[in-house]
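# Survey of secondary and tertiary structure
What follows is each chain in one-letter form.
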Amino acid sequence: MAETRGERARHWRYEELPGVDLLRARYIRKSFVRHTHEHFVIAAIADGVEVFQHGSGDQYAGAGALALVNPDTPHTGRAGVPEGWQYGAVYPSPDVVAAIAAETTTLRGTPGFVTPVLDDPYTVRLVHQVLQATDEGNALAADTLLRVAVTRLLRLNGGTLPRREVRTAGARTAARARAVLEERMAAPPTLEQLAAGLGTSPFALLRAFRDTYGMPPHTWLTDARVRRVRRLLDAGTTPSEAAVTVGFTDQPHLNRHFSRIVGVPPGAYQRERKNVQDARGGPSVPSGVWQWNGQQNTSTRTYGPTENTPRSRAQGSRTAPWCGTPSASGSPSDSPGSPSA
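Residue numbers restart at each chain and count upward from 1, following the sequence in its written direction. Under the rules for a predicted model, residues below a pLDDT of 70 receive no local features and side-chain atom pairs below 80 are neither given nor counted, while totals for whole chains, interfaces and linings still include all residues. As a convention, hydrogens and water are excluded, and side-chain values are obtained from all of the structure's heavy atoms.

## Brief notes about the pattern of salt bridges
By definition here, a salt bridge exists when the distance from a side-chain nitrogen of Lys or Arg to a carboxyl oxygen of Asp or Glu is within 4 Å. On inspection of all chains with the given rule, the structure shows 14 salt bridges. Two residues, Arg227 and Glu38, come together in a salt bridge whose shortest N-O distance is 3.8 Å. With Arg227 in helix 7 (residues 217-234) and Glu38 in the loop between strand 4 (31-35) and strand 5 (41-54), this residue pair connects regions lying 189 residues apart in the sequence. Buried, partly exposed and exposed residues are distinguished by accessible area as a fraction of the type maximum, computed with a 1.4 Å probe on protein chains only: under 20%, between the cut-offs, and over 50%, respectively. With relative accessibility at 18%, the residue Arg227 sits in the buried group. Residue Arg147 is joined to Asp143 by a salt bridge in which the shortest nitrogen-to-oxygen separation is 2.9 Å. Pair noted here: Arg147 and Asp143 are both in helix 3 (residues 139-157), with a separation of 4 residues, about one helical turn. A cluster of three or more residues bridged by salt bridges with shared partners is formed by Arg13, Asp21, Arg230, Asp234 and Arg273. Only DSSP runs of H or I covering at least 4 residues are called helices, and only runs of E covering at least 2 are called strands; the numbering of each starts at the N terminus.

Next comes the structure, spelled out in structure tokens:
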């Protein structure tokens, strides 16, 4: 678990839950730069407020709400109140979500989330129960609760994602530029060189790339480098070697960008992934409670309206759910959020 000035975060995998990344964190000053994920983001806010830029504006997710981001969708992240935000998140792969959707919903095509914020304290609890079950090594509960949570979200807020078709000349140029950057990640061309090689002007390429991928080429390249570093770390490459391989100047350079996109430093990330096989050795955080600075927090906290959170002004106060319930290791089929509901 990574710690920085009162902030704590753990990013890990559970071997019995393939295709799913897991995160538990408390952030106060953390600011996530514009980035994307290959997986879905299902972030369950337990306390505080997270603000993230998604589409054309800022979205506000307070306690009892979920921040939902589809794969390859640019977004940011920061605190919406001085005390920051505390949350647990699951990151299921597109294949995992598609399989659940095919079995439990009537959605056709590529499933995804319609709106980026959903107020649903029940599913927030389910997400935290998934994390608790992995802490306890309870594979049956973790798998079951994840499927219940994803099914519920798709029924409440699911839709078919539009197909990404490259139709315009600008989009085709942007796609060619992305292919060049992927191939030359460690030694990319300048914007002028890239544009000249594609038979266009620098500003025309910049506009086309931003319109197609939601970010300029240099931001996309940093995001792509971090993605590739994650795969290298998972394969056992050291952070210093991975940094040079993808084109970062050194490991400190990688650390800065990795932490601002993934939420933890690459060393902490790799240690958790490397120890997946040892997960049954015991949870690093006691189940059913959050522990920050050695103090347990099992009580509820009121999320009230603040001047800078328009969603809170519209919604009024909300009570934060407990991050884990005694039923987390039991059967969820008796609850209203089960697939049969």
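Back to the write-up after that little detour.
## Description of the pairing of strand 5
Counting buried residues along strand 5, 13 of its 14 residues qualify, which places the element largely inside the surrounding structure. Examined bridge by bridge, strand 5 and strand 7 (residues 65-69) share 4 bridges and lie antiparallel to one another. Counterpart to Ala44 in the pairing with strand 7 is Leu66. Pairing between strands is defined by DSSP: at least two bridges between the two strands are required. Of the strand pairs in this sheet, strand 5 and strand 9 (residues 85-92) are connected by 6 bridges, and their pairing is antiparallel. Paired with Gly48 across the bridge in strand 9 is Trp85.

## Considerations on the pairing of strand 2 (residues 7-13)
Burial of strand 2 is extensive: 6 of the 7 residues sit out of reach of the surface. Taking the residues between adjacent antiparallel strands as the criterion, strand 2 and strand 3 (residues 20-27) are bridged by 6 residues, where Gly19 takes a positive phi near 80°.

## What to know about the side chain of Asn70
Relative to the helices and strands, Asn70 is located in the loop between strand 7 and strand 8 (75-79). On the accessibility criterion, Asn70 (14% relative accessible area) is buried. Within 3.5 Å is the distance limit for a polar contact, defined as a pair of N or O atoms, with the added protein rule that one can donate a hydrogen and the other accept it, and that residues adjacent in sequence qualify only through two side-chain atoms. Here the side chain of Asn70 touches Phe113 through a polar contact of 2.8 Å, landing on its backbone nitrogen. The contact definition used throughout considers only heavy atoms, calling two residues in contact when any of these lie within 4.5 Å. If sequence neighbours within four positions are ignored, Asn70 has contacts with Phe40, Gly112, Phe113 and Leu161.

## Some remarks on the packing of helix 7 against helix 10 (residues 266-274)
Pairs of packed helices are described in terms of their axes, by the angle between the two and the distance that separates them. Following both chains from N to C, one finds helix 7 and helix 10 inclined at 45°, their axes separated by 9 Å at the closest point. Between helix 7 and helix 10, the interaxial angle falls into the category oblique. Crossing of helix 7 against helix 10: the hand is right-handed. Contact residues: helix 7 offers Arg230, Leu233 and Asp234, while helix 10 offers Pro266, Tyr269, Gln270 and Arg273. In this classification, the charged set is Asp, Glu, Lys and Arg, the nonpolar set is Ala, Val, Leu, Ile, Met, Phe, Trp, Tyr, Cys and Pro, and all remaining amino acids, among them Gly, are polar. Taken together, the residues that form the contact of helix 7 with helix 10 break down as 3 nonpolar, 1 polar and 3 charged. Convention adopted: a line fitted to C-alpha atoms gives each axis, helices being fitted over their contacting stretch, and angles between N-to-C directions are expressed from 0 to 180 degrees. Relative orientations are named as follows: roughly parallel for angles under 35 degrees, roughly antiparallel for angles over 145 degrees, roughly perpendicular for angles from 65 to 115 degrees, and oblique for any other angle. Should the near helix be turned anticlockwise from the far one by less than a right angle, the crossing is termed left-handed; should it be turned clockwise, right-handed.

## Some remarks on helix 1 (residues 94-104)
Turning to helix 1, its buried residues number three or more, namely Val96, Val97, Ile100, Ala101 and Thr104. Projected down its long axis, helix 1 shows its buried positions confined to an angular sector of 130°, all on one face. Looking at helix 1, the residues exposed on the side facing more than 90 degrees away from the buried face are Asp95, Ala102 and Glu103. Throughout, the arc means that of the directions going from the helix axis to the C-beta atoms.

## A short note on the nonpolar core
Grouped burial of nonpolar side chains is what soluble globular proteins tend to show. The biggest cluster of nonpolar side chains holds 47 residues, and the ones touching the most others in it are Tyr27, Tyr87, Trp220, Val229 and Phe258. Counting residues per element, this core draws most heavily on helix 7, at 6 residues. Not counting residues within four places of it along the chain, the set of residues in contact with Val229 comprises Ala242, Val246, Phe248, Leu254 and Phe258. Leu17, Phe40, Leu66 and Phe113 belong to the second-largest nonpolar core, a separate cluster that totals 33 residues. We define a nonpolar core as any set of buried Ala, Val, Leu, Ile, Met, Phe, Trp, Tyr and Cys residues linked to one another through side-chain atoms lying within 4.5 Å.

## Overview of helix 7
Compared with an ideal rise of 1.5 Å per residue, which puts 18 residues at 26 Å, helix 7 spans 26 Å between its outermost C-alpha atoms and is within 8% of the ideal. For helix 7, the complete set of buried residues consists of Pro217, Trp220, Leu221, Thr222, Asp223, Ala224, Arg225, Val226, Arg227, Val229, Arg230 and Leu233. Gly236 lies just past helix 7 and shows a positive phi near 105°. In a helix, the anticipated span is given by 1.5 Å times the number of residues less one.

## Regarding the packing of aromatic side chains
Only centres within 6.5 Å qualify two rings of Phe, Tyr or Trp (six-membered ring in Trp) as a pair; their planes then separate them into stacked at under 30 degrees, edge-to-face at over 60, and tilted for everything else. Scanning all chains against the criterion turns up 8 aromatic pairs. Between Phe40 and Phe113, the aromatic rings sit 5.5 Å apart at their centres with planes inclined by 75°, giving edge-to-face as the arrangement. Highlighted residues: Phe40 in the loop between strand 4 and strand 5 and Phe113 in strand 10 (residues 111-113), separated in sequence by 73 residues. By relative accessible area, Phe40 is classed as buried at 2%.

## Some points on the environment of Glu103
Within the fold, Glu103 resides in helix 1. Note on Glu103: relative accessible area 64%, which makes it exposed.

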